[in-house]
Amino acid sequence: NHPIFTDANVYNHNYYLIHNGHIYNADNLEDQHKLYGLEYNTYEDTKFTDSESLLHEIVMIAEGLNDPKLFGAKGSLAFIMIQADKNNNPMALYYGRNWQAPLKLQQSVDTIVLRSECSSGEYVEPNKLFRYDYNTKETTSIDVPFGKELVR
């Protein structure tokens with residue numbers, strides 16, 4: 001069921017997301033997303049994939065439709081998302097995680113490797129939305145409160 005895809009008309013780009021974790025408030029998020037005119041496309045019978053609610057939360061930040069501080073998905077999450085133009089030409093790679101889910105990065109001049117389980121690489125800093133631009137080869141980030149921080 002991954003990657004999760006959206007080409008919704010409210011967005012300027014197409015997006016592909018893979019997610020490791022669980023979003024426990026996905027039903028509430030779907031109700032909120034309907035207010036934007038979004039329709040979920042991962043329905044099987046009466047259930048949809050919780051990753052689709054995460055996709056829309058991230059895309060709304062990427063598209064400037066929502067303040068990053070208002071990120072609503074709660075649970076454990078590590079994700080990788082590709083932003084493409086409406087002709088599906090890749091433009092940028094987004095990635096991030098919260099402290100509950102692992103995501104490691106290995107990067108060289110011409111290669112980026114992101115994965116949840118491996119012995120090499122450095123953990124991606126939690127609660128940041130990273131964006132790697134394929135044209136400029138630059139990585140930027142913004143603070144986003146990903147998921148719910150549980151008291152240990």
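Conventions adopted
- Residues numbered from 1 in each chain as written.
- Predicted model: local features only at pLDDT ≥ 70, side-chain atom pairs only at ≥ 80, totals over all residues.
- Heavy atoms only, no water.
- Core = buried A, V, L, I, M, F, W, Y, C linked by side-chain atoms within 4.5 Å.
- Buried < 20%, exposed > 50% of the residue type's maximum accessible area, 1.4 Å probe, protein only.
- Helix = DSSP H or I, 4+ residues; strand = E, 2+ residues; numbered from the N terminus.
- Contact = heavy atoms within 4.5 Å.
- Salt bridge = Lys/Arg side-chain N within 4 Å of Asp/Glu carboxyl O.
- Pairing = 2+ DSSP bridges.
- Axes fitted to C-alpha atoms, helices over the stretch in contact; angles between N-to-C directions.

Give me the nonpolar core: which residues, what numbers.
In this structure, L54, I58, F71, F79, M81 and L129 are the most contacted members of the largest nonpolar core, which totals 27 residues. Going through the elements one at a time, β2 (14-23), α1 (26-34), α2 (50-62), β3 (75-84) and β4 (90-97) are the ones with two or more residues in this core. Looking at this core, the element that brings in the most residues is α2, giving 6 residues. In contact with I58, not counting residues within four places along its chain, are L17, F71, F79, M81 and L129. Grouped together as the second largest cluster of nonpolar side chains are 10 residues, Y95, L114, V124 and F130 included.

An account of the pattern of salt bridges is needed here, citing residue identities and associated values.
It is possible for side chains of opposite charge to pair when their charged atoms get near one another. Inspection of the entire model under this criterion finds 3 salt bridges. In this structure, D143 and K128 form a salt bridge, with 2.5 Å as the shortest nitrogen-oxygen distance. Remark: K128 occurs in strand β8 (residues 128-133) and D143 occurs in strand β9 (residues 139-143); sequence separation between them is 15 residues. When its relative accessible area of 55% is taken as the criterion, D143 is described as exposed. Given the relative accessible area of 16%, K128 is considered buried. Residue D133 pairs with R131 through a salt bridge whose shortest N-O separation is 3.1 Å. Since its relative accessible area comes to 16%, D133 is described here as buried. You can call R131 partly exposed: its relative accessible area is 22%.

Now, about the side chain of N66: what can you tell me, with residues and values included?
Following the sequence through the fold, N66 ends up in the loop between α2 and β3. The exposure class assigned to N66 is buried, which follows from its relative accessible area of 19%. Other than its neighbours up to four places away in sequence, N66 contacts M60 and I61.

Lay out the sheet that holds β2 with the relevant residues and their values.
With antiparallel pairing, the 6 strands of this open sheet are ordered in space as β1-β2-β3-β4-β8-β9. The open sheet terminates on both sides in strands that have one partner only, identified here as β1 (4-6) and β9. Across the sheet, the mean angle separating the axes of adjacent strands is 20° when strand polarity is ignored. Pairing geometry for β2 and β3, over 10 bridges, is antiparallel. Bridge pairing in β3 links L17 to M81. Contacts from α2 reach β1, β2, β3, β4, β8 and β9, with the element oriented near 125° to β2.

Pulling in residues and values, what's your account of unusual backbone geometry?
Although it is not a glycine, N88 sits at a positive phi angle of roughly 70°. Its location among the elements puts N88 in the loop between β3 and β4.

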